[in-house]
Amino acid sequence: MIAWMQKHNKYLVVTIWIATIAFIGAGFVGWGTYQYGSKAGAIAKVGDVTISQEKYNFTYQNLYRQVAQAMGGTFDDAKAKELQLPKQAYQRLVMQAYLLNLAQEYGVVVSPEELAESIAQLPSFQTNGVFDKRVYMAFLDARRIRAKSFEAILHDDLVVEKLMKLLNQPSVPFEQRVVTAALSVGDKLRYSVLSPDAVTPRIDEAKVKKYWEAHKQEYTTPKEYKLALLWTQTADINATPEELQNFWRKNSYDYTDAQGKELDFEQARKLVERDYRLKKAKKRALLDYIALKKGKKSPSEETTLPLNDPTLSKALWEQIAQSDSGTLIKPKPVGDRYATVKVLQVVEPRPMSFAEAKERVTKDWSAQAAEAELRQRAEALSKDPAKLEKESGYLSLARPEALTPLNQSESAQFLQKLFTSNKKVGIISINKKMVVYRIVDQKIDAKDTNVSGVAQVTADRIKEGEFERSLLKELSQRYPVKTFVKGF
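What counts, and where the lines are drawn
- Residue indices begin from 1 for each chain and proceed along its sequence in written order.
- Selection of residues for local features in this predicted model requires a pLDDT of at least 70, selection of side-chain atom pairs for listing and counting requires 80 or more, and totals for whole chains, interfaces and linings are taken over all residues.
- Note: side-chain values were computed over all heavy atoms of the structure, leaving out hydrogens and water.
- Only DSSP runs of H or I with at least four residues qualify as helices, and only runs of E with at least two residues qualify as strands; both kinds are numbered from the N terminus onward.
- Any two residues whose heavy atoms approach within 4.5 Å at even a single point are treated as in contact.
- Only the protein chains shown count as cover for residues, and the accessible areas themselves come from Shrake-Rupley with a 1.4 Å probe.
- A helix is expected to span 1.5 Å multiplied by its residue count minus one.
- Across the chain, bend at a residue is computed as the angle between axes fitted to the seven residues ending at that point and the seven starting from it.
- The classification of residues rests on relative accessible area computed with a 1.4 Å probe and restricted to protein chains. Under 20% of the type maximum is buried, over 50% is exposed, and intermediate values are partly exposed.
- Think of a polar contact as two N or O atoms within 3.5 Å of one another; within protein, one of them needs to be a possible hydrogen donor and the other a possible acceptor, and neighboring residues in sequence only count if both atoms come from side chains.
- With axes taken as lines fitted to C-alpha atoms, and helix axes fitted only over the stretch in contact, angles between N-to-C directions fall between 0 and 180 degrees.
- The cut-offs work like this: below 35 degrees is roughly parallel, past 145 is roughly antiparallel, 65 to 115 is roughly perpendicular, and the gaps in between are oblique.
- Put simply, Ala, Val, Leu, Ile, Met, Phe, Trp, Tyr, Cys and Pro go in the nonpolar bin, Asp, Glu, Lys and Arg in the charged bin, and everything else, Gly too, in the polar bin.
- Should DSSP find at least two bridges between two strands, the strands are regarded as paired.

Peer 1: I keep staring at the overall build of the protein chain and nothing clicks. Help me out?
Peer 2: Secondary structure summary: the protein chain contains 16 helices and 13 strands in total. Long-range contacts, defined as pairs at least 24 residues apart, comprise 73% of the intrachain contacts of the protein chain with a sequence gap of at least 6. For the protein chain, the exposed area adds up to about 27,800 Å²; of that, 51% sits on carbon and sulfur atoms.

This is how it looks when you write it as structure tokens:
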């Protein structure tokens, strides 16, 4: 293994120029800690390391929570599957298992004292800078995980952290000079930004219909469900301030902002009140369910909804989607009340006629036609760069600047693509916009203090990332993976 590391270390500089550009443009993702959790049973074995269902569940839950917080209210289980979050969670555990195997071979250990100190130093478990066992136990209770399981998870994280500190080597001066060169290059441009807003294709119904003929399999009615709904209200349930405070203390880790920071009681109060009422109304909702099942109570309403309509929760839709006509689904929270659902009829999708699909088809054809026209304009402009409207200063990765009318994020994406291109004149697409550019001058400012300040840190992180990727590739050949469940 050591021989492999020595052999491959010298090749890291080959990728360091491109990696510098990617790092500056997109950021660096290091070895974060992975958390796990709640049921027994193995889902896989990597070398001598078993991946339990418990670890997988908790890893997925934490990954889901992170992405949901980042995306706000637009995230649900369907989106999680689309983003392949289950597979991502599994891959994280496999990567960690590779490293745990290597740590076992090298005798890397974390003592009980180190583990205890690590827990005590976590700010989330402290009150006024001092470890607070009450806060720690409240966290475990909120996450529904035993202390022994959580500490085993943290132990594995610390082992991997210690292993990587032993293996990773800082960048050498030559590698830092390569990064400095990449960051010091400045390109001066003439450019124009073409926006799709400036292009309005004339609607040609014959072309729209021809487009529909080629794509009509994509236009179907949504799958719909005729449902009987019985609502169980909670608005009449009251709580004293003390009861709400106690409820919040026991579940405080469930109330966080978009950055994952825990909300205090006043910030979370409305959510706490809702959840408290839902908890107290759960028995009432079950009694309503039984009454509906026995015919002693009638539904509140009957309605037909498309799959994943926001009227109901994602948890209910998951069950509805797996149900046949006549299925009665137990109550689940929807906002501040419970819904008991009976599936009356499943209405399968059917192909739409041109008349039904015309509005959607026209919109899709127009977008495609606008993109094609925009591309033609951009190509014509690239052949006549004297018509480019704007001039930039010297652009570099170390000193990114917004290119009017692009915003800061779009400008950063443009620079990343510019510095990985070998074209003096070209077209770069950014968020449906097209930037036509010509490089009119170039310089290297190796004395830029902004460059020298970040070059070593950037080189260290790039080398660390390249080394870790190469290491994982080697370990994947060294430790076989046996998967015991389908879907990964």
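Peer 1: Would you mind going over helix α12 (residues 265-293) with me for this structure?
Peer 2: Because each turn of an α-helix spans 3.6 residues, side chains separated by three or four positions end up pointing in the same direction. Between its first and last C-alpha, α12 extends 39 Å over 29 residues, near the 42 Å set by a 1.5 Å rise per residue. Helix geometry: α12 is bent most strongly at A281, by close to 45°. Within the span of α12, buried status applies to F265, A268, V272, D275, Y276, L278, A281, A285, D288, Y289, A291 and L292. On the buried face of α12, the contacting elements are β6 (224-232), α11 (241-251), β8 (328-334) and β9 (337-347). If you check the start of α12, you find a side-chain oxygen 3.2 Å away from the backbone N of E266, and it comes from D264. Just beyond α12, the residue with positive phi is G295, at close to 80°.

Peer 1: Would you mind showing me how to read the packing of helix α7 (residues 133-143) against helix α8 (residues 147-167) here?
Peer 2: In helix packing, the relevant descriptors are the interaxial angle and the interaxial distance, both defined with respect to the helix axes. At a minimum axis separation of 10 Å, α7 and α8 run at an interaxial angle of 95°. Here α7 is positioned roughly perpendicular relative to α8, judged by the angle of their axes. Across the interface between the two elements, Y136, F139 and L140 of α7 pack against A147, F150 and E151 of α8. Of the residues that constitute the contact of α7 with α8, the class distribution is five nonpolar, no polar and one charged.

Peer 1: Could you clarify how one ought to interpret the sheet that holds strand β2 (residues 49-52) in this entry?
Peer 2: Two modes of strand pairing occur in sheets, parallel and antiparallel, and in both the strands are linked by backbone hydrogen bonds. One open sheet holds the three strands; their spatial order is β2-β1-β13, and the pairing between them is antiparallel. On the outer flanks of this sheet lie β2 and β13 (481-483), each paired with one strand and no other. Adjacent strand axes in the sheet meet at a mean angle of 20°, parallel and antiparallel pairs treated alike. The pairing of strand β1 (residues 42-46) with β13 spans three bridges and is antiparallel. Its bridge partner being in β13, A44 is matched across the sheet by T483. On top of the sheet, helix α5 (residues 85-106) reaches β1, β2 and β13; it is set at about 155° to β2, its chief contact.

Peer 1: Hey, could you run me through α7 in this one?
Peer 2: Burial in α7 covers these residues: V135, Y136, A138, F139, L140, A142 and R143. Where α7 starts, the residue carrying a side-chain oxygen 2.9 Å from the main-chain nitrogen of R134 turns out to be D132. Where α7 ends, the next residue or the one after it, R144, has phi of about 55°, a positive value.

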